[in-house]
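Here's the letter readout for the chains.
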Amino acid sequence: MESNIKFIDGGVVAPQGFLASGIHCGLRKNKIKKDLALIFSKNGKECTAAAVYTKNIIIGAPIIVTKKHLKLKNGTAKAVICNSGIANTCNPDGIEKADLMCKLTADILEIDESDIIVASTGVIGAVLPIEPIQNALPLLKEALGDTKEAGEDAATAIMTTDTRKKEYAIEFILDNKPARIGLIAKGSGMIEPNMATMLSFITTDVDISSEILQNVLTDVIQDTFNMISIDGDTSTNDMVSIMASGLCGNKKIIEQNSDYNKFREALYIICEKVSRFIAFDGEGATKLLECKIINANTKQDAKKLAKSVIKSSLVKSMMFGADANSGRILCALGYSGIDFDPEKINVKLKSSAGEISTCVNGFIIKIDEDKAKEILSQEIIEIIIDMQTGKENSVAWGCDLSYEYVRINGDYRS
């Protein structure tokens, strides 16, 4: 991290020009859980905007509507409205409900409905009732603010099975001016991003064109959100969106220059931070797993190898049990679809308790089992795999597979 990039409080309201709120409207059975969030540009200022979406063929109605709006408005937006509890997917009236969410929100904010990014998350197939949302919108608007508490309310309102809110903000210097990026996200289950299968809403006060904003977002997610796997299930609804108010005062970024590189680095840092935390907060997880592939032939090889290991149910189970069975790691490498020399593989397991080599030049070696168990009993574990064939590296994030994962998903609808 560059010295001029620092984490700050505030989430999506940290950048200049944004308000946020989150309330309980009645979609969730638990009345103490917020279930409706709003992010709004101050005074209805038009922001440049971009988004990336799930690659699941079955997609939620909100994604269809959001894509339509960003196209109609040539990559601009003024607000994000998001409900949790019900995904508004696989319903015959889904698009009608997503459109109505936008219209009702637009009316109360006094903007055009196509200025709105809409999202939903929760149970797939359940019918989304509009009345609770409609009735709550006046209170949601009234609650809008740029305080730390307002940002936190929005962050908690988009959560489903998450156990912890996911909210970050950073400040950095751009064109000799302080610039900021804020982010909230949800993601705990159905996480196998192959273009952003969770929800994340990002704000920034950087002045940047829509085309360049789309390019940098698409680029950054390849090495951040796309390198998470909790359970291998690609969701139907989820997206990453970003709005830029342009209020920091920098010279507008319209090409890939030095300012573009600084903005990209800052966006990467905040997206990497939340990606690790999403993996750590996986359903039933007790450990964060970080698989580092080093010295692979190509970047794409490194990515596929890392994801293959982090997705393996047997690797995840062995980490839950703190059993250093590296045969499972080698097996996951072997079915990755990448051609490599098995007799060059070195594997190390590392945590705050130390590190231990378990495989040298493709052969599993005798280890101190007690030391290995101590290493794998920590909360954050690195799996470091040296391919010894090239110079390309990659990192993937995941979590262990516990009994609790089955319990959560066995009765998710209830």
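A brief structural summary.

Cut-offs used in this document
Residues numbered from 1 in each chain as written. Predicted model: local features only at pLDDT ≥ 70, side-chain atom pairs only at ≥ 80, totals over all residues. Heavy atoms only, no water. Pairing = 2+ DSSP bridges. Helix = DSSP H or I, 4+ residues; strand = E, 2+ residues; numbered from the N terminus. Contact = heavy atoms within 4.5 Å. Axes fitted to C-alpha atoms, helices over the stretch in contact; angles between N-to-C directions. Buried < 20%, exposed > 50% of the residue type's maximum accessible area, 1.4 Å probe, protein only.

With respect to topology, seven strands assemble into an open sheet ordered E1-E8-E9-E10-E11-E4-E5, the strand pairing being mixed. Edge positions in the sheet fall to strand E1 (6-8) and strand E5 (76-77), since each has one partner strand and no second. Strand contacts of helix H1 (residues 61-72): strand E4 (47-53), E5 and strand E11 (239-244), with the helix running at about 145 degrees to E4, the strand carrying the most contacts. On top of the sheet, helix H6 (residues 258-280) reaches E1, strand E8 (166-174), strand E9 (177-186), strand E10 (199-204) and E11; it is set at about 160 degrees to E8, its chief contact.

Summarising burial for strand E16 (residues 380-386): six of the seven residues are buried, a large majority. In terms of strand pairing, strand E12 (residues 288-296) meets E16 through seven bridges, oriented parallel. Across the sheet, the residue bridging to lysine 292 is isoleucine 384, located in E16.

What you see with strand E13 (residues 346-351) is a clean split: Val347, Leu349 and Ser351 sit on the buried side and Asn346, Lys348 and Lys350 on the side with no burial. The pairing of E13 with E16 spans five bridges and is antiparallel. Among the inter-strand pairings, lysine 350 is bridged to a residue of E16, identified as glutamate 382. By the bridge criterion, five bridges tie E13 to strand E14 (residues 354-360) in an arrangement that is antiparallel. Within the sheet, the bridge partner assigned to lysine 348 lies in E14 and is serine 357. Between E13 and E14, which follow one another and run antiparallel, lie two residues.

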